[in-house]
Amino acid sequence: MNNFEFKNPTKIIFGKDTIAKLADEIPSDAKVLVLYGGGSIKKNGIYDQVKSALKGIEYIEFGGIPANPEYSVLLDALKVIKDNAITYLLAVGGGSVIDGTKFLSAAALYEGDTPWDILTGGKPTLKGMPFGVVLTMPATGSEMNSGAVITNKETKEKLGMGGAGLFPVFSILDPQVITSIPQRQLVNGITDAFTHVLEQYMTYPAGALLQDRFAESIMQTLLEVAPKILKDASDYDAASNYMWSCTMALNGLIQKGVPTDWAVHAMGHELTALYGIDHARTLAIIAPSHYQYNFEAKKEKLAQYAERIWNVTEGTLEDKAYAAIEKTEHFFNQMGIETKLSKYTDTYEGTAEIIAKRFTDRGWLGLGEHKSLKPADVESIVRMAY
Ligand code: NZQ
Ligand code: ZN
């Protein structure tokens, strides 16, 4: 097992009707900006719950943060923060609203000229404006981690940021919010959370027995509850296990002491930036090709995953490892997720070259757990995913 340090300061308030506890978590002298997305919270009752929980707290609102949070919209929110001397942020939404809020938390205290530099500068944010979260959709784990991904439509870029100053102070997780989520987003959430585990697991054996079993237990739980919530999102037992699995998949715990990959996300973000494909679907497009291409480097963990998650007991280590890739792709397909880029866009020719060039220009010359994937490898992997 590798050496590690672990600190996650986010307070989780989990369970039925917990949104009502909101005001207890926000300092009474705070001036709050409540941030939300395109309006789903006004239809499903979450907005009303938040409003009544905030009685006695001084707040204003900013709605309209789109999926794949857009830089230009966030700049409008930043102006609201500055003009109104806001001291505390509250994200009410899924990964996009939470990530947008993390960007604003950093940008509100940023002293440079252009906030976009936070995304290109490569410096971690060590101090941000404090913020809390009311999670409306499980998927990303953003509610209990310090990372964010921001989109710039003008330049067709999607870049990551983060740092120890960007953990939410608290996150309220009421699994009942799942009842209003459309099937497409539920399927996305399952796929995203499952792939988060894969990114931190599908590398090479590192003698981290407990981390492997944490990761496997999250994947097993997701596989067990996925059909249940897709059939009936009001199944509270399934919903609560689903929500907690998504959070645990990316709150830092399972990546401690082990190598991690994250190349699937790096390539996937480019497909969202170029074609607007939902985040989770980009992962389902890239992952099978990535595992095929890096078969030799990953075959031991692929085989372990085949045995423990998919109960593949027959054949050689290689046979099991191949079966693992097939089973994973089938799992995505079975939920209605296409795993080829050509199913999402007709103009896919040339995508591999564009992405490889972007990585070269950014100096991303070594991806994956061995930091060995060059832009030429990225080009091959993306082409395999056409
Ligand atoms: O905008 P509204 O109207 O609220 O509708 C949203 C949005 O259209 C809707 N929705 C959310 N909660 C709902 C609901 N609809 C009905 N009922 C509810 N209770 O769902 C749509 C998608 O929301 P979004 O927040 O975009 O989805 P998700 O949580 O999947 O977040 C995706 C974003 O997170 C980033 C992705 O790249 C993408 O930009 N990620 C963030 C990560 C992190 N910070 O750790 C890690 C991930 O790998 C990912 O990159
Ligand atoms: Zn993801």
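Because the structure is predicted, anything quoted here is derived from the model rather than measured.

A separate point is the sheet that holds strand 2 (residues 31-36). The strand order across the open sheet built from 6 strands is 1-8-5-4-2-3, with neighbouring strands paired in parallel fashion. One side of each edge strand has no neighbouring strand; the edge strands of this open sheet are strand 1 (11-14) and strand 3 (58-62). Adjacent strand axes in the sheet meet at a mean angle of 20° when their direction is disregarded. Sitting on the sheet, helix 4 (residues 71-83) is in contact with strand 2, strand 3 and strand 4 (88-93), with an inclination near 160° to strand 3. Against the sheet, helix 5 (residues 95-108) contacts strand 2, strand 4 and strand 5 (131-135), and its axis sits at roughly 165° relative to strand 4.

Now for the pattern of salt bridges. A complete count under the given rule lists 16 salt bridges for this structure. The salt bridge involving Glu270 is made with Arg362; its shortest N-O contact spans 2.9 Å. Of this pair, Glu270 sits in helix 10 (residues 263-275) while Arg362 sits in helix 14 (residues 351-362); the two residues are 92 residues apart in sequence, bridging distant segments of the chain. Assessed through its relative accessible area of 1%, Glu270 is described here as buried. Note on Arg362: relative accessible area 23%, which makes it partly exposed. Its salt-bridge partner being Lys298, residue Glu369 comes within 3.0 Å of it at the nearest N-O pair. Taken together, the residues Glu369 in the loop between helix 14 and helix 15 (375-384) and Lys298 in helix 12 (residues 295-310) connect sequence positions 71 residues apart. Among the residues examined, Glu369 registers a relative accessible area of 13% and is labelled buried. Salt bridges here are not isolated pairs; linked through shared partners, they connect Arg184, Asp278 and Arg281.

Next up on the list: the site of ligand 1. In the region of ligand 1, 33 residues are neighbours, and Gly38, Ser40, Gly95, Ser96 and Lys158 sit closest. In this structure, a nitrogen atom belonging to ligand 1 sits 3.0 Å away from a main-chain N or O atom of Gly147. With respect to ligand 1, the side chain of His265 contributes an N or O atom lying 2.9 Å from an oxygen atom. Secondary structure elements with two or more residues in the shell around ligand 1: helix 5, strand 6 (147-152), helix 7 (183-201) and helix 10. Considering only residue class, the shell around ligand 1 consists of 10 nonpolar, 20 polar and 3 charged. The two domains that each donate at least three residues to the shell around ligand 1 are domain 1 (11-176) and domain 2 (183-384).

A few words on the pairing of strand 8 (residues 170-173). Burial of strand 8 is two-sided: the residues Phe170 and Ile172 facing one way and the residues Ser171 and Leu173 facing the other way are all buried. Examined bridge by bridge, strand 1 and strand 8 share 4 bridges and lie parallel to one another. When the sheet's bridge partners are listed, Ile12 is paired in strand 8 with Ser171. Sheet topology note: the strand 5/strand 8 ladder contains 3 bridges and is parallel. In the strand pairing of strand 8, Gly132 is matched with Phe170.

At the metal site, the zinc ion (ligand 2) is ligated by Asp192 (OD), His196 (NE2), His265 (NE2) and His279 (NE2), and these contacts range over 2.0 to 2.1 Å. The sequence pattern describing where the donors of the zinc ion (ligand 2) fall on their chain is D-x3-H-x68-H-x13-H. With Asp192 in helix 7 and His265 in helix 10, this residue pair connects regions lying 73 residues apart in the sequence. Here Asp192 matches His265 in class, with each residue buried.

We now examine the environment of Ile354. Within the secondary structure, Ile354 sits in helix 14. Its relative accessible area of 40% is what places Ile354 among the partly exposed residues.

The next point concerns the domain arrangement of the protein chain. Taken domain by domain, the protein chain consists of domain 1 (11-176) and domain 2 (183-384). The C-alpha-based centres of domain 1 and domain 2 are spaced at 26 Å. The partner domain 2 presents 22 residues to the 24 residues of domain 1 that form the contact. With both sides pooled, the region where domain 1 packs onto domain 2 buries about 2000 Å², and carbon together with sulfur makes up 65% of that total. When the buried surface of domain 1 facing domain 2 is broken down by residue, Pro138, Lys156 and Lys158 rank first, second and third, together holding 27% of it. There are 0 salt bridges connecting domain 1 and domain 2.

On to the side chain of His269. Its place among the elements puts His269 in helix 10. Look past the residues within four positions of His269 in its chain and what remains in contact with it is Val149, Lys158, His279 and Thr282.

With that settled, consider the environment of Ala324. With respect to the helices and strands, Ala324 occurs in helix 13 (residues 317-334). You can call Ala324 buried: its relative accessible area is 0%. A C-alpha to C-alpha distance of 24 Å links Ala324 and Gly257, two positions 67 residues apart in sequence.

What counts, and at which threshold
- Sequence order as written defines the numbering, with residues in each chain counted from 1.
- Chain letters start at A and ligand numbers start at 1, both assigned in the order the entries are written.
- Restriction of local features to residues with pLDDT of at least 70 applies here, the model being predicted, together with a cutoff of 80 or more for giving and counting side-chain atom pairs; totals for whole chains, interfaces and linings are based on all residues.
- Excluding hydrogens and water, the side-chain figures rest on all heavy atoms present in the structure.
- For two strands to be treated as a pair, DSSP must find at least two bridges joining them.
- Strands here mean DSSP runs of E at least two residues long; helices mean DSSP runs of H or I at least four residues long; both are numbered from the N terminus.
- Throughout, an axis means a line fitted to C-alpha atoms (over the contacting stretch in the case of helices), and angles, computed between N-to-C directions, take values from 0 to 180 degrees.
- Contact criterion: two residues are considered in contact whenever any of their non-hydrogen atoms come within 4.5 Å of each other.
- The working definition used for a salt bridge is a side-chain nitrogen of Lys or Arg within 4 Å of a carboxyl oxygen of Asp or Glu.
- Throughout, exposure labels follow a simple rule: accessible area from a 1.4 Å probe, protein chains only, divided by the maximum for the residue type, with under 20% read as buried, over 50% as exposed, and the rest as partly exposed.
- Residues are labelled near a given molecule or strand when at least one of their non-hydrogen atoms is within 4 Å of it.
- Think of a polar contact as two N or O atoms within 3.5 Å of one another; within protein, one of them needs to be a possible hydrogen donor and the other a possible acceptor, and neighboring residues in sequence only count if both atoms come from side chains.
- For this classification, Asp, Glu, Lys and Arg are treated as charged, while Ala, Val, Leu, Ile, Met, Phe, Trp, Tyr, Cys and Pro are nonpolar and the rest, including Gly, are polar.
- Boundaries between domains were set according to an automatic or database domain assignment.
- Here a donor is any nitrogen, oxygen or sulfur atom (N, O, S) within 2.8 Å of the metal, with 3.2 Å used for Na, K and Ca; water is not among the atoms considered, so some sites may look incomplete.
- Buried area: the accessible area, evaluated with a 1.4 Å probe, that two parts lose upon being put together, summed over both parts.

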